[in-house]
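The residues making up each chain are set out below.
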Amino acid sequence: HKLCYKHSSTTAQELRLCIENQEEVEESLVDEFGMTPFHVLFSSVEPSEELLEALLYRFPYYVLGWKDANGKLAMEYLVTNWTQEN
């Protein structure tokens, strides 16, 4: 999560290494706000395509269907931010 919050200075390689070093991937998927790394990345106005690819490679696809504490899917943040800026 920390690397996704700092997405502008995080490389895809750093994210991959961090994910690989996690023993329990499923337990680390949700933060105190109920957000997955996808929620965090998509909350950005300019989410990194490279970080997205790293997340998609490592995490199961069904995580995209998880809602956060506000009842929002990660894709809702992406659509909201994209439509507000474009």
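Owing to the predicted nature of the structure, the values given are computational and were not obtained by experimental measurement. Note on numbering: residues in each chain are counted from 1, in written sequence order. Local features in this predicted model are restricted to residues whose pLDDT is 70 or higher, and side-chain atom pairs enter the listing and the counts only when it is 80 or higher, whereas totals over whole chains, interfaces and linings include all residues. Water and hydrogen atoms play no part in the side-chain values, which are based on all heavy atoms of the structure.

A.B. asks: Could you clarify how one ought to interpret helix α4 (residues 49–58) in this entry?
C.D. replies: Given 3.6 residues per helical turn, the α-helix brings residues three or four places apart onto the same face. Here the term buried applies to any residue with accessible area under 20% of the maximum for its type, exposed to any over 50%, and partly exposed to those in between, with areas from a 1.4 Å probe on protein chains only. Segments assigned H or I by DSSP are reported as helices when at least four residues long, segments assigned E as strands when at least two residues long, and all are numbered from the N terminus. Restricting attention to buried positions, one finds in α4 the residues Leu51, Ala54 and Leu55. End-on view of α4: buried residues confined to an arc of 95 degrees, all on one side of the axis. Along α4, the residues that are exposed and aim more than 90 degrees away from the buried face are Glu49, Glu50 and Tyr57. For α4, the N-terminal capping position is held by Ser48, with its side-chain oxygen 3.3 Å away from the main-chain nitrogen of Glu50. The directions considered for the arc run from the helix axis to the C-beta atoms. Polar contacts, as counted here, are pairs of nitrogen or oxygen atoms within 3.5 Å of one another; within protein the pair requires one atom able to donate a hydrogen and one able to accept it, and residues that are adjacent in sequence qualify only if both atoms are side-chain atoms.

A.B. asks: Quick question: what am I supposed to make of the nonpolar core here?
C.D. replies: Generally speaking, a soluble globular protein has its nonpolar side chains buried in company with each other. What is meant by a nonpolar core is a set of buried Ala, Val, Leu, Ile, Met, Phe, Trp, Tyr and Cys residues, joined one to another through side-chain atoms within 4.5 Å. Ranked by size, the top nonpolar core spans 13 residues in total, and within it Phe38, Leu41, Phe42, Leu55 and Phe59 carry the most contacts. Listing elements by their share of this core, those giving two or more residues are α3 (37–42), α4 and α5 (74–85). Considering every element that reaches this core, the biggest residue donor is α3, with four residues. The contact criterion used is simple: two residues touch if any of their non-hydrogen atoms lie within 4.5 Å. Among residues more than four places away in sequence, those in contact with Phe42 are Pro47, Leu52, Leu64, Ala74, Met75, Tyr77, Leu78 and Asn81.

A.B. asks: Can you walk me through the packing of aromatic side chains in this structure?
C.D. replies: Each aromatic ring pair is characterised by the separation of its centres together with the angle its planes make. Note on ring pairs: Phe, Tyr and Trp rings are taken, using the six-membered ring of Trp, and paired if centres are within 6.5 Å. Classes follow the plane angle, with under 30 degrees stacked, over 60 edge-to-face and the rest tilted. Considering all chains together, one arrives at four aromatic pairs under this definition. Summarising the aromatic geometry, the rings of Phe38 and Phe59 are spaced 6.3 Å apart at their centres and angled 70 degrees between planes, so their arrangement reads as edge-to-face. With Phe38 in helix α3 and Phe59 in the loop between α4 and α5, the pair connects residues that are 21 residues apart, well separated along the chain. By relative accessible area, Phe38 is classed as buried at 1%. Through a chain of ring-to-ring contacts, the aromatic side chains of Phe38, Phe42 and Phe59 assemble into a single cluster. Throughout this description, the term charge over a ring refers to an Arg CZ or Lys NZ atom that lies within 6 Å of the ring centre and within 35 degrees of the ring normal. If you follow Lys72 out to its NZ or CZ, it ends over the ring of Tyr77, 5.1 Å from the centre.

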